[in-house]
Amino acid sequence: MSKLALFGGPKVREKPFPSWPVRDEGCKKRLAEVVDSGIWGIGGGKQAEFVRRFAEFCEASHCVACNSGTTALEIALRAAGIGPGDEVIVPPYTFIATASAAIYVGAIPVFADIDPETLTINPNAAEAAITERTAAIIAVHIAGMPCDMAALTGLARSHGLKLIEDCAQAHGAEYGGRRVGALGDAGCFSFQSSKNITAGEGGALVTNDDALYGRAWSIHNVGRVPEGGWYDHRVLGWNLRITEFQCAVLLRGLELWPDQDARRQENAARLRGHLEDIPGLRAQAFPPGATKCAYHLFPVLYDQESLDGLPLARFLEALNAEGIPAWTGYNPLYREGVFLDGLDMKGCPFACKFYTGKVDYRSLDLPNVERICRGGAFWLFHSLLLGDPSDTDDIGEAMHKVYENRAELLCR
Ligand SMILES: Cc1ncc(COP(=O)(O)O)c(C=O)c1O
């Protein structure tokens, strides 16, 4: 048994993993085209080309590209008619924007627990959270793993709710063989620096609903309408537009995606195989009907008991020392300071005259998300899966090595 790098032994891996984002000549060429065109904001060809191609990519009728995934969520909720007095069901294992978007439109986020194996919202918990005030569910395809959309679509239909997909981490993921994004009323993507298709910042909304698309387009473009003039503002909108520079980079990202996706799929399958040989470590499970994960992250479920009580923090210390970057990720979202004392619960939307319910985030204690966030899971970033199979074997070998050395880790 080889000595752990943490205790002075040889590291499993000295080489860095592939870096992200990928910078290449194709990207520079497209950026230079924008510089030379002199049209850097609205009206250039790159934005029009990108929304067309991204709608195709998502198998959706329409796309509105905007300045972030957060604003895409806000636009989607607003365009879907969600507002003061409404509750929006969200999972607590997600980025803050999933919940804050609801508050931005004057609605109340209500947290429903996740499934402990898939890490996506548990449809039974979502159903239990429905009240007469519920107006929408946000299905977050966390880490790129599609939610159980059949169950959530059924819930939304039977209760007359809007279903918004948060696809910020799920570019190209598939449910029942169909791309995520337009499976519900609208889907929202992020192109922030870490994402599998990125322009540093940026976002997009896709939908098959013509009317929702029209409203979303106007909201993101200061209330204009496609057939109207420059100074023709028919609804209240904001300037949430994307730039030509971002779209140039995103178009290159779409070209590079098929090869990157194939690598992630192949290496993720290989890593799943390695995990089968290590007691106490399991890959994120696929919910029923989910056919393809985008692997923005590769979450590993950690069972401390099977590692003789070795705490996750200690496991990660040793894994990191072997040259494998990995970290623990989110807190239960309702435990973030903003939900404990950072919101004015006596002001809108919580004490709004339209809102007849009462939420108390401080008393929430949802068991699955608590367990996952308290040493029950860790993440690998998607760029670790962009190398060749031997890179993935290094990850498996390092995890195995740490497992084998657990007794020493526990007592030193
Ligand atoms: C699940 C999820 N939702 C929403 C967002 C918000 O996207 P952005 O950072 O582009 O605003 C992110 C980005 O980190 C995310 O991971």
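Residues numbered from 1 in each chain as written. Predicted model: local features only at pLDDT ≥ 70, side-chain atom pairs only at ≥ 80, totals over all residues.

Caption draft 1: View of the overall build of the chain. Assigned secondary structure in the chain consists of 13 helices and 13 strands. In summary, the chain has a C-alpha radius of gyration of 22 Å against a globular reference of 22 Å for 412 residues, a match within 12%. In terms of principal-axis extent, the alpha carbons of the chain reach across some 70 × 55 × 35 Å. Burial status across the chain gives 49% buried among its 412 residues. In the chain, once contacts between residues fewer than 6 apart in sequence are set aside, the share between residues at least 24 apart is 71%. (Helix = DSSP H or I, 4+ residues; strand = E, 2+ residues; numbered from the N terminus. Rg over C-alpha atoms; globule rule 2.2 N^0.38 Å. Buried ≥ 20, exposed ≤ 12 C-beta atoms within 10 Å, placed from the backbone. Contact = placed C-beta atoms within 7 Å.)

Caption draft 2: View of the sheet that holds strand β5 (residues 162–166). One open sheet holds the 7 strands; their spatial order is β1-β9-β8-β5-β4-β2-β3, and the pairing between them is mixed. Strand pairing shows two members of the sheet lacking a second neighbour, β1 (62–66) and β3 (108–111), which therefore form its edges. Pairs of neighbouring strands in the sheet enclose a mean axial angle of 25°, with direction left out of account. Across 4 bridges, strand β2 (residues 87–90) lies against β3 in parallel orientation. Looking at β3, one finds that glutamate 87 is bridged to isoleucine 108. Of the strands in this sheet, β1, β8 (186–190) and β9 (203–207) are in contact with helix α7 (residues 210–220), which crosses β1 at around 15°. (Pairing = 2+ DSSP bridges. Axes fitted to C-alpha atoms, helices over the stretch in contact; angles between N-to-C directions.)

Caption draft 3: Local environment of the domain arrangement of the chain. Each domain of the chain was delimited in the assignment, giving domain 1 (5–17 + 257–329 + 371–411) and domain 2 (25–253). Using C-alpha coordinates to define each centre, domain 1 is positioned 30 Å away from domain 2. Counting residues at the interface gives 20 residues for domain 1, matched by 28 residues for domain 2. Counting residues per element, the ones that place at least two in the side of domain 1 that touches domain 2 are α8 (244–276), β11 (290–292), β12 (297–302) and α11 (367–373). Among the elements that take part in the side of domain 1 that touches domain 2, β11 stands out by supplying 3 residues, more than any other. Here the side of domain 1 that touches domain 2 is composed, by residue class, of 12 nonpolar, 5 polar and 3 charged. (Domains from an automatic or database assignment. Nonpolar A, V, L, I, M, F, W, Y, C, P; charged D, E, K, R; others polar.)

Caption draft 4: Summary view of the packing of helix α3 (residues 69–79) against α7. It is at 9 Å that the axes of α3 and α7 come closest, and there the two elements cross at 130°. As far as their axial angle goes, α7 and α3 are oblique. The handedness of the crossing between α3 and α7 is right-handed. Within the contact between the two elements, α3 uses Ile75, Ala76, Arg78 and Ala79 and α7 uses Leu212, Arg215, Ala216, Ile219 and His220. Classifying every residue of the contact of α3 with α7 by side-chain character gives 6 nonpolar, 1 polar and 2 charged. (Parallel < 35°, antiparallel > 145°, perpendicular 65-115°, else oblique. Left-handed = near helix turned anticlockwise from the far one by under 90°.)

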